[in-house]
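Inside the fold
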Amino acid sequence: MSALPNGMLSAANEEAAARALLEARCTDGLPIVVPTPERVDRMLLYAPGLPREASLGTLLPMGGDLTVEKAAINAVMAGCTPENFPVVIAACEALADPAFDAGPMQNTTHPVTPLIIVNGPARELCGLSSGVGALGPGPAGNATIGRAIRLIMINVGGGVPGIGDMATLGSPAKFALCLAEAEEASPFEPLHVSLGFAPQDSVVTLLQVEGAHSMMFALTDIGEQAELFCRTLAAGFANPASNNIYTGVGAVAAVLNPIHAKMLARAGWGRARIQQRLFELARADRATLRAISGANTDTIPHAADDVRVVERPEDFLLLVSGDDGGAYSAYFPTWGGGKKGSVPVSRKVRFDDGCEIPESRR
Amino acid sequence: MNQPLLYLDPVAKPTAPQEPYLPRLVVGAHPRIARFPNLFTDSAPFLADLAEAMAPLLPDAAFPYFDKKFGRYMSTPASPELRAEMIAGSDAVVLAYGHCGSCTSGVVHDGVLLAREGVPVAVLVTERFREEALFLARALGLPDLPFVFIPYPIAGQDAAWQRRLAEAIAPLVLTALTDGISADAVHILDAAVAA
C-alpha cells in the first residue's frame, strides 16, 4: 500500500486494494468492499447529524479513536448499506462504552463476541431481520452490521487474531452476531422496554457472549411445560463445560422462539417469573461440580457450596426472535471475565431529520 | 496510464502518546522487590521460587507479596488503592505472568500503570503471548516496558522444573529492574541442558 496524506491509501485497482487490506490483516478473511471516498461519503450521509471526525469513543485494547469516519470505512468494507449505518453508530457507542469492557473481551482466549440486539423502528428502517435464519446465513442487514462491528474491533480496537484477539479456536460467531427482536410475535414486552426504554425508541443492546447454543424443547400439552422448559434452559446455562457456572457474574442471554414464548405466556409466566425460576434452577453444588471438572472449581470466586450461574434473576436477558416453525430456542453463555462479567450496554439509535425545507405560506 | 485507486485506511492509530520507559531500581541497603502474581495457575509459587533465587543476588532484600485476591480479576488492572499499597511497600515490582489472552492484558496493564508512577517493573510473559504483550505495551504508550519472556507453558509443569527456571531467569529479572532491559529466556533451560 502506498501511504498518502489524510488517511488515504492507493492501489492499482480494486482487486489490488482488497488484497492489500487482506495482507495487512485489516479484514476478517472474507472478501470486502473497498472503502473508496465515494462509498464512504455515501455511508456518512446516514450518520445521524454527526461530522465525520466526531469521536464515538476509544476502543481497547489498542486504544484507537473510533471516529464516525472510521466506523463508515469499516461499514463499507463489511458490505453495509447506508441505511444500516445509524445502527452501526449506536452499536459503536455501546462498544466503546467503558462499561462494556471491550479490552479484556478482545484479548481473552475465550471465543467471546458481541451479540448485537436491535429493537424498535430501526429494525425495519435499517434493514434488520427477526425471522427465519435471523442469525444467518441470509439476512444481509444482520450479517453486514455484525460484520462491521467485528471489522471495527480489528481495525480500531486492535483485535487482530494472535495479537490483540487471542481466542484459541475463534468462532463463526465472531464474523457477525446480530439480530432484531420479533416484537410483534412476542407475548412479552420487548427487551428494550424491559431495560427502561420507551416502546417507540430504537435501541441497540450489546452483550458479550459465546455463539448461539441450540435448545430443543418439544411442545405437547401446556401442563407443566413452563417449568420443564425453564429446567431445560437452566441446565444449558449451568453446563460445566461453559464459564458461567464458575464465574457466576454478569449476564447471559436467551433468545426464545416465538412458539416457546407463547407457551410460557399461555401458562401465565411473564419475564420476571421466568427470570426468577432460571435463577433458582441454574446452579450446582460445588462438590458435584468438582467431581465433573476438578480444578475448574478453583476459579469460583467464593467458598459457598451453592454455585450459581448469575448473581441476580434480571441477569438472564430474554428476548424473542426467529421463526416459529420448529421447537428451537437458543441460549448464549458468556465469558464471565473482565471487571464484572458480561454487562449489557444499550444505546438509542439516532436518525438525522435531514434537511427539511419548510413550505412557504405566502 | 490508469489512475491509481484511492481508498480510505480503516485502521485507527492508538491514542496513547508513546513515551520512554524511565524507572530504574537503584539497589540500596534493604531493597524491597514486590511479588505481584495475577493468580494464574502457579504464578504465586513461581514468584516465591524467583524470590528465593534472587535473594543471593540482593543481600538483605525483602520480597513483599501482593495480589488481587481472586483469579477472576487477573484481567482487570489493580485498583488505585492496591497500587498505592505496592508503591508504598516496595522499590520495584515483578509481575507474573502472561499465560492467557486476558491475563496477559492484565499483567501488561498493571506493569504500565506502575511504571507510569515511577515504579521499576519486570513483567514475565510466556512466549505464546509475546506478540500480544508487545502490542499492548505499544498501545498503552510504553513500548519499552521491560519484559522477561519465559517458556510456554509454565503453569502445571513439574515444580522442580519451575524452580530451575526461576533460578535461571533471576539475573535477567534483576537486570530488567535495574537497567530496564527486556530479556528472552524462552530457551534458557535448553541452553543449560545443552551446556
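Further remarks concern the nonpolar core. Within soluble globular proteins, side chains that are nonpolar generally end up buried alongside one another. F85 and I152 of chain A together with V108, V121 and L145 of chain B are the most contacted members of the largest nonpolar core, which totals 98 residues. The greatest single-element share of this core, amounting to 9 residues, is contributed by helix α4 (residues 85-96) of chain A. Not counting residues within four places of it along the chain, the set of residues in contact with V121 of chain B comprises Y21, V93, L95, G111, L114, A115, L145, P146, A176 and L177 of chain B. A51, M54, L174 and L189 of chain B belong to the second-largest nonpolar core, a separate cluster that totals 36 residues.

Our next topic: the interface of chain B and chain A. Contacts between the two partners involve 29 residues from chain B and, on the opposite side, 54 residues from chain A. Counting the surface lost from both chain B and chain A, the interface buries some 3200 Å², and carbon and sulfur atoms represent 65% of this. Our count for the contact surface shared by chain B and chain A stands at 0 salt bridges. At the boundary of chain B and chain A, one finds 11 residue pairs in polar contact (both at pLDDT 80 or more). Of all the secondary-structure elements, those providing two or more residues to the side of chain B that touches chain A are β1 (5-8), α3 (101-116) and α4 (130-139) of chain B. Here the element with the most residues in the side of chain B that touches chain A is α4 of chain B; it accounts for 5 residues. Across the side of chain B that touches chain A, the residue classes break down as 16 nonpolar, 7 polar and 6 charged. As defined by bridge partners, strand β2 (residues 8-11) of chain A adjoins β1 of chain B across 4 bridges and the pair is classed as antiparallel.

Criteria and cut-off values
Residues numbered from 1 in each chain as written. Chains lettered and ligands numbered in written order. Predicted model: local features only at pLDDT ≥ 70, side-chain atom pairs only at ≥ 80, totals over all residues. Heavy atoms only, no water. Core = buried A, V, L, I, M, F, W, Y, C linked by side-chain atoms within 4.5 Å. Buried < 20%, exposed > 50% of the residue type's maximum accessible area, 1.4 Å probe, protein only. Helix = DSSP H or I, 4+ residues; strand = E, 2+ residues; numbered from the N terminus. Contact = heavy atoms within 4.5 Å. Buried area = accessible area lost by both parts, 1.4 Å probe. Salt bridge = Lys/Arg side-chain N within 4 Å of Asp/Glu carboxyl O. Polar contact = N/O pair within 3.5 Å; in protein donor to acceptor, adjacent residues only side chain to side chain. Nonpolar A, V, L, I, M, F, W, Y, C, P; charged D, E, K, R; others polar. Pairing = 2+ DSSP bridges.

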